[in-house]
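# Structure assessment
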Amino acid sequence: MGDDPEQLLRHTYAVFNARDVDAVLAVMHPDVDWPNAIDGGRLHGHDAVRAYWHGQFAEIDPRVDPVGFRRLDDGRVAVDVHQTVRSLDGEPISEGDVVHVYSFRDGLVTRMDIEDAGPA
């Protein structure tokens, strides 16, 4: 990750939005701990995250755009994200702001949590 997690995460959001799952997984630790935003709970490891996203993309068309980055006191990185979810035929399902909080080890994402963005 070096000293610029923002650059790494901007790239990660871009390849996620392009549906390049392998490129997203390339920045994740093999034992990554990832939230299951649809069914709740947590996913562990590349295979589980890959299957989750392939299933998600078969049902909905999510787009996540980072709008702000900040390093937290504990070393994690919080990303303010604007999220738009559409049906596969382009109909809006939801739109709003969330915060993604990332933990890193050895330059790779080890965990991501989703938090409410709070009042606008």
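As a reminder, the structure under discussion sits directly above these lines.
Residues numbered from 1 in each chain as written. Predicted model: local features only at pLDDT ≥ 70, side-chain atom pairs only at ≥ 80, totals over all residues. Heavy atoms only, no water.

### Side note on the pairing of strand β5 (residues 92-105)
Which entries qualify depends on this criterion: One bridge is not enough; two strands pair if DSSP finds at least two bridges between them. Per the convention used, a helix needs a DSSP run of H or I reaching at least four residues, while a strand needs a run of E reaching at least two, with both numbered from the N terminus.
Pairing of strand β4 (residues 77-87) with β5, which is carried by ten bridges, proceeds in the antiparallel orientation. Bridge assignment links D80 to a residue of β5, and that residue is V99. Hairpin connection from β4 to β5: four residues lie between these consecutive antiparallel strands, with G90 at a positive phi of about 95°. In this structure, β5 lies alongside strand β6 (residues 108-116), joined through eight bridges in antiparallel fashion. Counterpart to V98 in the pairing with β6 is D116.

### A look at the pairing of β4
Taken together, the eleven bridges between strand β3 (residues 60-71) and β4 define a ladder with antiparallel strand orientation. Looking at the pairing, I60 lines up with S87 of β4. In this antiparallel pair of consecutive strands, β3 and β4, the connection spans five residues, and G75 shows a positive phi of 95°.

### Quick notes on the side chain of N36
Filter applied, for reference: Contact criterion: two residues are considered in contact whenever any of their non-hydrogen atoms come within 4.5 Å of each other.
Tracing the sequence through the fold places N36 in the loop between β1 (28-35) and β2 (42-44). When residues no more than four places from it in sequence are discounted, the contact partners of N36 are G41, R42, L43 and Y52.

### Considering the pattern of salt bridges
Two side chains that carry opposite charge are able to pair once their charged atoms sit near each other. Under the convention used in this document: Counted as salt bridges are all cases of a side-chain nitrogen of Lys or Arg within 4 Å of a carboxyl oxygen of Asp or Glu.
As enumerated under the stated definition, the model contains eleven salt bridges in all. Its salt-bridge partner being D22, residue R50 comes within 3.2 Å of it at the nearest N-O pair. With a gap of 28 residues between them, R50 in helix α3 (residues 46-59) and D22 in helix α2 (residues 21-25) connect regions that are remote in the sequence. Residues D113 and R111 are paired through a salt bridge, measuring 2.9 Å at the closest nitrogen-oxygen approach.

### Concerning the side chain of H29
As a reminder of what qualifies: Here a polar contact is taken to be a pair of N or O atoms separated by no more than 3.5 Å, where protein atoms must pair a possible hydrogen donor with a possible acceptor and residues adjacent in sequence count only if both atoms sit in side chains.
Locating H29 in the fold gives a position in strand β1. A polar atom in the side chain of H29 sits 3.0 Å from the backbone nitrogen of D31. Those residues in contact with H29 that lie beyond four places of it in its chain are H46, R105, L108, V109 and T110.

### Overview of helix α1 (residues 5-17)
Stated precisely, the cut-off is as follows: What a helix is expected to span follows from its residue count: subtract one and scale by 1.5 Å. Categorising residues by exposure relies on relative accessible area from a 1.4 Å probe, with only protein chains included: less than 20% of the type maximum marks a residue as buried, more than 50% marks it as exposed, and the intermediate range marks it as partly exposed.
With 13 residues, α1 extends 18 Å from end C-alpha to end C-alpha; this agrees with the ideal 18 Å at 1.5 Å per step. Along α1, the residues classified as buried are P5, L8, L9, T12, Y13, V15, F16 and N17. Those residues of α1 hidden inside the fold are in contact with α2, α3, β3, β4 and β5. Just past α1, the residue R19 takes up positive phi, approximately 65°.

### Notes on the packing of aromatic side chains
One pair of aromatic rings is described through two measures. These are the centre distance and the angle between the planes. To keep it simple, the criterion reads: Stacked, edge-to-face and tilted labels apply to pairs of Phe, Tyr and Trp rings (six-membered ring for Trp) whose centres lie within 6.5 Å, assigned for plane angles under 30 degrees, over 60, and everything in between, in that order.
One pass over the structure, following the stated rule, counts six aromatic pairs. Between the aromatic rings of Y13 and Y102, the centroid separation amounts to 6.3 Å while the plane-to-plane angle is 90°, which identifies the pairing as edge-to-face. Separated by 89 residues along the polypeptide, Y13 in helix α1 and Y102 in strand β5 bring together distant segments of the chain. In terms of burial, Y13 and Y102 fall into one category: buried. Taken together, a centroid distance of 6.3 Å and an interplanar angle of 50° make the contact between W34 and Y102 tilted.

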